[in-house]
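Chain residues, written in single-letter form:
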Amino acid sequence: MKKNIVLGFATVFFLASCNNKEKMMDTLADYNNSKQDQGYHFGDKITLPKEVTDDAEAITVSFGDKETSNLTVDPKFFSLGDNNVSFIIKTKGGETLNQDATINVFAKNPEQNINYQIVAEYPHNPKNFVEGFQMDGNFIYESDGLTGDSQLIKYTLGSTAPMIVAKQPADIFSEGCAIVGDKIYQLTYQNRKGFVYDKNTLKKISEFALPNAMMEGWGLTFDEKNLVATDGSKNLFFLDVNNPPKVVKTLAVAGNTEAFEKINELEYHNGFIYSNVWHRPIILKINPANGEVVGKFDFTKLTAENDSGDSEHVLNGIAFKGDNMLITGKNWAKIFEVSFK
């Protein structure tokens, strides 16, 4: 009889312990989910629910190859955008519990809404499905997409007639391009490769493979040290210009209230990266040191006036003429020059 009572107490204790553990894990999971959209900012404290902390002897955050017991969002451990982590909880009962979580980190300061004015307009061939857009001297270098119609062209700003055309094979869908010295680098959408051309003749010099880390090829620019590419996610991929398949570093792009998905066509100018966001009529001004969006242009009205009612004719083309920005879009009939401070 005594044995049965002891066994009964042990069973009750075991069930209570299991229930308590499940409750802790469910509470932590619910808490993590509730914080996904709200996110954190650097310096914020990760304040876990009382149901978790009351029974915890120690809590650490694991990042795979490193961990910290400091529940502060510290840039030494966290980056902007989503951070996949595991909470490791040592309970007062001696158990170790693990809970996977995503910690979204947003920029601490709100991005500036940048005012601008249109100072000039130039003609643009509305047949061109713009994917990459560069200016060098008085020449525009443009990468146009769509399978079967892809090309790299060079023309004088103000003219719609190409001086040189480099047509792509029928299976290629061209994407972003970047000028590096006397060469032009160009990405492809889903062909898993890029091309290098002579800038003056548009003769193809070589090909390179896309890094395995990139899902697709979208935008491309050169920050005077590395190629910077996008793949339709929230990430900027910094690539070794002498070995483009090599990723030097990766940064997520985030503003004060969101991580920006579908980062697209890029342009580097005066220490900042400017980026389109696919299917959104905005251009972001990004700090390339950490991925923080410090400014934003709203081109809603201009896009509506130039997309011919087609949702695929998106704002997609950024170049610089001195300190003024040139913008255009897919199948737009104009290029606009805007000034801003």
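Given the structure is predicted, the values throughout are model-derived calculations rather than measurements. (Residues numbered from 1 in each chain as written. Predicted model: local features only at pLDDT ≥ 70, side-chain atom pairs only at ≥ 80, totals over all residues. Heavy atoms only, no water.)

Caption draft 1: Highlighting the overall build of the protein chain. When you go through the protein chain residue by residue, the secondary structure sums to three helices and 26 strands. Oriented by its inertia axes, the alpha-carbon framework of the protein chain measures out at about 100 × 40 × 35 Å. Within the protein chain, buried positions represent 52% of all 341 residues. Residue pairs at least 24 apart in sequence account for 52% of intrachain contacts in the protein chain once pairs closer than 6 positions are excluded. For the protein chain, the exposed area adds up to about 16,100 Å²; of that, 50% sits on carbon and sulfur atoms. Once the 34 positive and 44 negative side-chain charges of the protein chain are each reduced to a mean point, those two points are 4 Å apart. (Helix = DSSP H or I, 4+ residues; strand = E, 2+ residues; numbered from the N terminus. Buried < 20%, exposed > 50% of the residue type's maximum accessible area, 1.4 Å probe, protein only. Contact = heavy atoms within 4.5 Å. Areas by Shrake-Rupley, 256 points an atom, 1.4 Å probe, with all protein chains shown as cover. Lys, Arg positive; Asp, Glu negative; His and termini not counted. Charge placed at Lys NZ, Arg CZ, Asp CG, Glu CD.)

Caption draft 2: Focus on the nonpolar core. Counting residues in hydrophobic clusters, the biggest one holds 26 residues, and the most contacted among them are Ile-46, Leu-48, Ile-59, Phe-78, Phe-87 and Ile-89. Taken together, the elements giving at least two residues each to this core come down to α1 (2-35), β2 (56-62), β4 (81-91) and β5 (96-106). Among the elements that take part in this core, β5 stands out by supplying five residues, more than any other. Those residues in contact with Leu-48 that sit more than four places away from it in its chain are Leu-28, Tyr-31, Thr-53, Ile-59, Leu-71 and Phe-87. (Core = buried A, V, L, I, M, F, W, Y, C linked by side-chain atoms within 4.5 Å.)

Caption draft 3: Main features of the sheet that holds strand β16 (residues 220-222). Taken together, the four strands give an open sheet; going across it, the order is β16-β17-β18-β19, and neighbouring strands pair in antiparallel fashion. The open sheet has two edge strands, β16 and β19 (243-252), and neither has a second partner. Neighbour to neighbour, the strand axes of the sheet diverge by 30 degrees on average, direction disregarded. As paired strands, strand β17 (residues 227-229) and strand β18 (residues 235-240) are joined by three bridges and run antiparallel to one another. Its bridge partner being in β18, Val-228 is matched across the sheet by Phe-238. (Pairing = 2+ DSSP bridges. Axes fitted to C-alpha atoms, helices over the stretch in contact; angles between N-to-C directions.)

Caption draft 4: Up close: the sheet that holds strand β7 (residues 116-123). Strands sit in the order β7-β26-β25-β24 across an open sheet of four strands; the sheet is antiparallel. Both edges of this open sheet fall to β7 and β24 (315-321), since each of them pairs with a single strand only. Strand-to-strand twist in this sheet, taken as the mean axis angle between neighbours without regard to direction, amounts to 30 degrees. When β24 meets strand β25 (residues 324-329), the two strands line up antiparallel, connected through five bridges. Residue pairing for β25: Ile-318 is matched across the bridge by Ile-327.

Caption draft 5: How the structure looks around the environment of Thr-221. Within the fold, Thr-221 resides in strand β16. Separated by 53 residues in sequence, Thr-221 and Tyr-274 place their C-alpha atoms 9.5 Å apart. Not counting residues within four places of it along the chain, the set of residues in contact with Thr-221 comprises Ala-178, Asn-226, Leu-227, Val-228, Leu-266, Glu-267 and Tyr-268.

Caption draft 6: Highlighting the pairing of strand β20 (residues 263-269). Most of β20 sits inside the fold, with seven of its seven residues counted as buried. Alignment of β20 against strand β21 (residues 272-277), held across five bridges, turns out to be antiparallel. Residue pairing across strands places Tyr-268 opposite Ile-273, the latter belonging to β21.

Caption draft 7: Spatial organisation of the side chain of Thr-27. Here Thr-27 lies in helix α1. Setting aside its immediate chain neighbours within four residues, Thr-27 contacts Pro-49 and Glu-51.

Caption draft 8: How the structure looks around the pattern of salt bridges. Inspection of the entire model under this criterion finds eleven salt bridges. Measuring nitrogen to oxygen at the nearest pair gives 3.8 Å for the salt bridge that ties Glu-207 to Lys-193. Of this pair, Glu-207 sits in strand β15 (residues 204-209) while Lys-193 sits in strand β14 (residues 193-198), placing them 14 residues apart in sequence. Using a relative accessible area of 25% as the deciding quantity, one classes Lys-193 as partly exposed. Across the pair Glu-261 and Lys-234 runs a salt bridge, and its minimum N-O distance is 3.3 Å. Residue Glu-261 is located in the loop between β19 and β20, and its partner Lys-234 is located in the loop between β17 and β18; the two are separated by 27 residues in the primary sequence. (Salt bridge = Lys/Arg side-chain N within 4 Å of Asp/Glu carboxyl O.)

Caption draft 9: Representation of the confidence of the model for the protein chain within the structure. Put simply, the protein chain has an average pLDDT of 92, and 94% of its residues get 70 or more. The low-confidence segment residues 2-17 (pLDDT under 50) makes one contact with residues lying over four places distant or belonging to another chain. (pLDDT = per-residue confidence, 0-100.)

Caption draft 10: Local environment of the packing of aromatic side chains. Counting across every chain of the model gives 15 aromatic pairs. Ring centres of Trp-332 and Phe-336 lie 6.3 Å apart, and the angle between their planes is 80 degrees; this geometry places the pair in the edge-to-face category. One exposure class covers both Trp-332 and Phe-336, and it is buried. Taken together through their ring pairs, the aromatic side chains of Tyr-116, Tyr-274, Phe-297, Phe-299, Phe-320 and Phe-340 make up a single cluster. (Phe/Tyr/Trp six-rings, centres within 6.5 Å; stacked < 30°, edge-to-face > 60°.)

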